[in-house]
Amino acid sequence: MAAAEVTGGRLLVVGELCVDLIIDVDGELRFGQHEQLVRATTLTMGSSSAITACGAAALGIPTALLSVRGDDAFGRFLDEELGRRGVATDRVRVDPSLPTGASTHLTRPDGDRAILTSMGSIGTVAAEEVDDELLAGVGHLHVGSYFLQHALHPGAAALFARARALGVQTSVDGNFDPAEEWDSGILALLAHCDVYFGNAEELCGITARDRFDDAVEAVLDVMPEGGVVIGKLGAEGAVAARRRDGATERIVASTPAVDGPLVDTVGAGDTLAAGYLAARLRGLPPEPALALAVACGTASTRGAGGVGAQPELATARALAERVAVTRS
């Protein structure tokens with residue numbers, strides 16, 4: 001993959017901030033005051049938004065996060081981690097009335113997991129906090145975990161419309177809707193969205209379609225001209241779909257073989273999103289952009305938590321050379 005400079009400006013990520021407590025579980029949980037021994041417990045950076053921001057920064061993209069944390073040990077840990085990983089935090093607001101959000105991931109050796117989240121400061125970012133002065137110099141605006149961003153929902157569509165009017169590209173990663181209502185104004189938001197990230201369940205949920213391909217078409221129907229849907233396919237890689245000359249063009253990138261065992265899949269999709277956004281900001285064509293995204297997501301699974309194995313650019317490029325990409 002040829003080198004490319006960052007030509008598209010800075011990345012601004014707007015969304016939630018929380019810690020992840022990763023507990024490596026082998027077997028079923030037992031209640032009734034049973035003490036069980038687990039293989040490992042890891043405290044690390046959590047949240048879709050922050051993991052994507054860290055992943056982009058690791059790839060050399062100037063990245064800032066707009067979020068909220070509590071004035072507590074978890075919040076201070078996150079602030080230090082973001083700074084250490086190169087993410088600007090001057091727009092991370094401290095709310096002493098709320099605890100910092102936290103997610104406990106119970107992970108199994110097969111990659112499956114259960115997630116227990118206490119909201120705390122999660123979902124308290126408002127669209128009005130993203131002013132035009134902040135958007136100046138930003139090339140791309142990304143929102144993670146849309147369905148958790150409760151305070152953002154009323155103004156999200158207007159924010160994206162305002163950003164695009166200023167020449168800023170936009171993207172959203174819906175992630176899972178805990179209420180399983182799959183609404184919260186996301187279709188109105190997608191009318192002003194350049195890139196949508198989602199897996200099959202999420203895409204089918206927001207479109208009320210039963211088939212993945214039909215769901216992709218329904219999202220493209222709503223998005224502006226040139227909009228791209230990035231379908232996360234888990235262990236199979238990812239697909240990028242867009243309309244061109246009235247027809248839907250699909251690019252599929254398969255997961256490459258990598259050294260070492262799978263540790264967990266926490267944050268792999270968020271790191272995939274970081275890779276794709278970094279590729280866009282570097283001006284890469286569609287095929288190498290998706291290859292870089294899948295390479296980043298794959299590399300992420302070789303370390304604990306969402307940021308434990310996020311690759312730097314040279315590592316991601318080398319792995320992307322082993323990603324098989326096809327058009328359909």
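Remember, it's a predicted structure, so these values are computed and weren't measured experimentally.

What follows is about the overall build of the protein chain. Secondary structure assignment for the protein chain yields 10 helices and 14 strands. For a compact globule of 328 residues, the expected C-alpha radius of gyration is about 20 Å, and the protein chain comes in at 19 Å, within 12% of that figure. Buried positions account for 52% of the 328 residues belonging to the protein chain. In the protein chain, of all internal contacts separated by at least 6 residues, the share reaching a separation of at least 24 is 72%. For the protein chain, the accessible area works out to roughly 13800 Å², and carbon and sulfur atoms hold 51% of it. Once the 26 positive and 44 negative side-chain charges of the protein chain are each reduced to a mean point, those two points are 5 Å apart.

So, about the sheet that holds strand β2 (residues 18-24). With respect to topology, four strands assemble into an open sheet ordered β3-β2-β6-β7, the strand pairing being mixed. Either end of the sheet is taken by a strand with one partner, and the two such strands are β3 (40-46) and β7 (113-118). Neighbouring strand axes in the sheet, compared pairwise and without regard to direction, differ in orientation by 20 degrees on average. Bridge count between β2 and β3: seven bridges; the pairing is antiparallel. Paired with Val19 across the two strands is Met45, which belongs to β3. Sheet contacts for helix α1 (residues 48-58): β2 and β3; angle to β3, the most-contacted strand, approximately 80 degrees. Along the sheet face, helix α2 (residues 73-84) touches β2, β3 and β6 (101-107) and points at about 70 degrees away from the line of β3.

Summary: where empty space remains is shown by rolling a probe the size of a single water molecule over the atoms. Of the volumes computed, that of the largest pocket is approximately 1300 Å³. Within the residue set of the lining of the largest pocket, elements represented by two or more residues are β2, α1, β6, β7, α6 (200-207), α8 (268-281) and α9 (286-300). Looking at the lining of the largest pocket element by element, the count peaks at four residues for α8. Each residue belonging to the lining of the largest pocket can be placed in one class, and the counts come to 18 nonpolar, 18 polar and nine charged.

Another point: the nonpolar core. Among the nonpolar cores identified, the biggest contains 51 residues, and Leu17, Met45, Leu65, Leu82, Ile230 and Tyr276 are the most heavily contacted of them. A per-element tally of this core places α9 first, with nine residues. Setting aside its immediate chain neighbours within four residues, Tyr276 contacts Val195, Phe197, Val228, Ile230, Ala289, Leu290 and Ala293. Within the second largest apolar cluster, 38 residues are counted, among which are Tyr146, Phe160, Tyr196 and Met223.

Attention shifts here to the packing of aromatic side chains. Applying the stated criterion across every chain, the model contains four aromatic pairs. A centroid spacing of 5.6 Å and a plane angle of 80 degrees characterise the contact between Tyr146 and Phe147, whose relative ring orientation is edge-to-face. The class of Tyr146 is buried, set by a relative accessible area of 1%. An aromatic cluster is built from Tyr146, Phe147, Phe176 and Trp182, whose rings are joined through pairwise contacts.

Spatially, 10 strands are ordered β5-β4-β1-β8-β9-β10-β11-β12-β13-β14 in an open sheet, and the strand pairing comes out mixed. A strand with exactly one partner marks an edge of an open sheet, and here the two such strands are β5 (87-94) and β14 (325-327). Neighbouring strand axes in the sheet, compared pairwise and without regard to direction, differ in orientation by 20 degrees on average. Bridge count between strand β1 (residues 10-14) and strand β8 (residues 138-143): five bridges; the pairing is parallel. Bridging from a neighbouring strand, Arg10 pairs with Val138 of β8. Of the strands in this sheet, β1, β4 (63-69), β5, β8 and β9 (169-173) touch α1, which is tilted by about 155 degrees from β4. Across the sheet, helix α7 (residues 212-222) is in contact with β10 (195-199), β11 (228-232), β12 (238-244) and β13 (247-253); its angle to β12 comes to roughly 45 degrees.

Relative to the assigned elements, His105 resides in strand β6. You can call His105 buried: its relative accessible area is 5%. Here Arg113 takes part through its side chain, which lies 3.5 Å from a polar atom of the side chain of His105.

Moving on, we get to the packing of α6 against α7. At a closest axis distance of 9 Å, the pairing of α6 and α7 adopts a crossing angle of 55 degrees. On the basis of the axis angle, α6 is oblique to α7. Considering only the axes of α6 and α7, their crossing is left-handed. Taken together, the residues of α7 that come into contact with α6 (itself represented by Ala200, Leu203, Cys204, Ile206 and Thr207) are Phe212, Ala215, Val216, Ala218 and Val219. Each residue belonging to the contact of α6 with α7 can be placed in one class, and the counts come to nine nonpolar, one polar and no charged.

Scoring rules and cut-offs
Residues numbered from 1 in each chain as written. Predicted model: local features only at pLDDT ≥ 70, side-chain atom pairs only at ≥ 80, totals over all residues. Heavy atoms only, no water. Helix = DSSP H or I, 4+ residues; strand = E, 2+ residues; numbered from the N terminus. Rg over C-alpha atoms; globule rule 2.2 N^0.38 Å. Buried < 20%, exposed > 50% of the residue type's maximum accessible area, 1.4 Å probe, protein only. Contact = heavy atoms within 4.5 Å. Areas by Shrake-Rupley, 256 points an atom, 1.4 Å probe, with all protein chains shown as cover. Lys, Arg positive; Asp, Glu negative; His and termini not counted. Charge placed at Lys NZ, Arg CZ, Asp CG, Glu CD. Pairing = 2+ DSSP bridges. Axes fitted to C-alpha atoms, helices over the stretch in contact; angles between N-to-C directions. 1 Å grid on protein atoms, 1.4 Å probe; cavity = no way out; pocket = protein on both sides within 12 Å on 5 of 7 lines; lining within 4 Å. Points joined across faces, edges and corners; volume = space filled by probe spheres on them. Nonpolar A, V, L, I, M, F, W, Y, C, P; charged D, E, K, R; others polar. Core = buried A, V, L, I, M, F, W, Y, C linked by side-chain atoms within 4.5 Å. Phe/Tyr/Trp six-rings, centres within 6.5 Å; stacked < 30°, edge-to-face > 60°. Polar contact = N/O pair within 3.5 Å; in protein donor to acceptor, adjacent residues only side chain to side chain. Parallel < 35°, antiparallel > 145°, perpendicular 65-115°, else oblique. Left-handed = near helix turned anticlockwise from the far one by under 90°.

Honestly, it's all geometry; don't read function into it.
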